[in-house]
Amino acid sequence: MKFGNRFFKAREVSVWLALVPMVVLVAMLTLVIEVFGADAIEGGSQIALLVASSVAALISVVVCRCKWSILEKAIVDNIRTSASAIIILLLIGAVASTWMLSGVVPTLMYYGLKIIHPSIFLAVACLICAIVAIVTGSSWTTIATIGVALMGVGEAQGYAEGWIAGAIISGAYFGDKVSALSDTTVLASSTVRVPLFEHIKYMTITTIPSFVIALVIFMAVSLTHEVDTSIHIAELADTLQSSFNISAWLLLVPVATMVLIARRLPALVTLFLSVVMACVAMVVAQPEIIAAIGGEGEFSTFRALMTACSTSTSINTGNTTINELVATSGMQGMLNTIWLVLCAMCFGGVMAGSGMLSALTQLFAKFVYRTASVVASTLATGIFANLLTADQYISIIITGETFRELYAKRGLEARLLSRSVEDTATVTSVLVPWNSCGMTQSTVLGVATLTYLPYCLFNLISPLMSLLVAIVGYKIKRVEGRE
């Protein structure tokens, strides 16, 4: 995180020059998505990011006379900050696969099909993810575990994948945002120097109304949902039961994982232990699947476990819908996402190291006149930083550091800034296809970012609610001076 303080200082770079790489990136990504659609993550988006990085580097070195060594160091430091996230991505791939093949996710899906009625599914899915994320403090873990199971239940009940993913992500990001265990919440409060619980309490003014509105809409959509008669929920539940050994004991794996997270163990340790527990459950509860994947021989169990963690697997259940739901890709399935993360970090590094990012973010500060415009500029910067740096952590730091002095000069409370940062930099990261959050959740849920984007109601409403509260002036106090 020292990266933010080291490279985000203003440089003599024209705003118009700084806009060129961004325009190139948006134009290329638009074309790539138009041509490749959902397959854009398999190479096209990565090339677009590298081309935009090259344009930014060329302008920086040739026009702005920035030393290449500075850009190179910025890129390296940027990639270094994403190293732990890359390992987490690999472990999430392993968790998703082992939880599926061990019967954990099929058990959750089975009970979900039996208990959750289609007429309330979206609202319940959103609420469940919110509760789990509050307890764990992690939207990523919530989505990769409970979210995957709910995805299968929703599809079996005939819901469009965009609506299901939107409900899951809305709940997970609400819970992450108001949890004292969340790293993004801690980062936002510490960057702006606001006590953690004061920050969380002040956030509830915008966060709870946004979540309630989203929940009401999800409930309304659920109540008007007509179950597709071609999909027989009972038949799907029976297929799951005949293909896996369904047992409530398997729920000990997610429960133990949640306990580890609640005890604030490092994410890498927690995810690794979760994989280990799922592998043990797989050996104990699913011997038929072990035999099917591992084949014959004395090392069949070892081969099956390694395959489950690392590569793609498929199980023939006799039902096409279930076959698609239980197919896994392991760590291998995360490689395109990691490739995209690395390319995005290159682009963000060049933009930051050259001073282009600073020039663009400072542009928003010029449109500040009253409290509402200060908050609006902060919100715009948070969204813009997510688009540009492709990383929510860097976006939080950039937005907080850019406006901290401005808020102080305007006599505005620091907690207003920390809340505004969270209302955009945290929640909109998952809506950007090339952002690490957008890429991860799209890969984990198997739904393209642009497909679920319109249905992430909480994530879309939060910035608007923040702006509305600023315009009304509710609970916004002056520290010193006047506008």
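Residues numbered from 1 in each chain as written. Predicted model: local features only at pLDDT ≥ 70, side-chain atom pairs only at ≥ 80, totals over all residues. Heavy atoms only, no water.

Novice: Could you give an account of the pattern of salt bridges, with specific residues and numbers?
Specialist: In the structure shown here, the tally under the stated rule is 4 salt bridges. In this structure, Lys73 engages Asp77 in a salt bridge whose closest nitrogen and oxygen atoms are separated by 3.9 Å. Here Lys73 pairs with Asp77, and both are found in helix H4 (residues 68-81), just 4 residues apart, close to one helical turn. Residue classification places Asp77 among the buried residues on the basis of a relative accessible area of 6%. Between Asp77 and Arg80 there is a salt bridge whose closest N-O contact spans 2.5 Å. (Salt bridge = Lys/Arg side-chain N within 4 Å of Asp/Glu carboxyl O. Helix = DSSP H or I, 4+ residues; strand = E, 2+ residues; numbered from the N terminus. Buried < 20%, exposed > 50% of the residue type's maximum accessible area, 1.4 Å probe, protein only.)

Novice: Describe the side chain of Glu413, listing the residues and the values that go with them.
Specialist: Summarising the element assignment, Glu413 is placed in the loop between helix H21 (392-410) and helix H22 (414-426). Residue Glu413 is classed as buried on the basis of its relative accessible area, which comes to 16%. Polar contacts involving the side chain of Glu413 include one to the side chain of Arg415, which spans 3.2 Å. (Polar contact = N/O pair within 3.5 Å; in protein donor to acceptor, adjacent residues only side chain to side chain.)

Novice: Would you mind going over the packing of aromatic side chains in detail, with residue names and values included?
Specialist: In this structure the tally under the stated criterion is 7 aromatic pairs. Ring centres 5.5 Å apart and planes at 70 degrees place the aromatic pair Tyr110 and Tyr111 in the edge-to-face group. For Tyr110, a relative accessible area of 10% gives the class buried. Given the relative accessible area of 30%, Tyr111 is considered partly exposed. Chaining the aromatic ring pairs together yields one cluster made of Trp163, Phe218 and Tyr455. (Phe/Tyr/Trp six-rings, centres within 6.5 Å; stacked < 30°, edge-to-face > 60°.)

Novice: For the confidence of the model for the protein, give the residues involved together with the corresponding values.
Specialist: Counting all residues, the mean pLDDT for the protein is 82, and 90% of those residues have values of 70 or more. Contacts for the low-pLDDT stretch residues 1-11, under 50 throughout, to residues beyond four places or in other chains number 33 contacts. (pLDDT = per-residue confidence, 0-100. Contact = heavy atoms within 4.5 Å.)

Novice: Let's hear about the state of the cysteines: which residues, and what values?
Specialist: Applying the stated criterion across every chain yields a total of 0 disulfides. A disulfide-free cysteine, Cys126 has its sulfur positioned 7.4 Å from the sulfur of Cys129, the nearest such atom. You can call Cys126 buried: its relative accessible area is 0%. Among the cysteines around Cys309, which has no disulfide bond, Cys279 carries the closest sulfur, lying 4.0 Å off. By relative accessible area, which is 12% here, Cys309 ends up buried. (Disulfide = S-S within 2.5 Å.)

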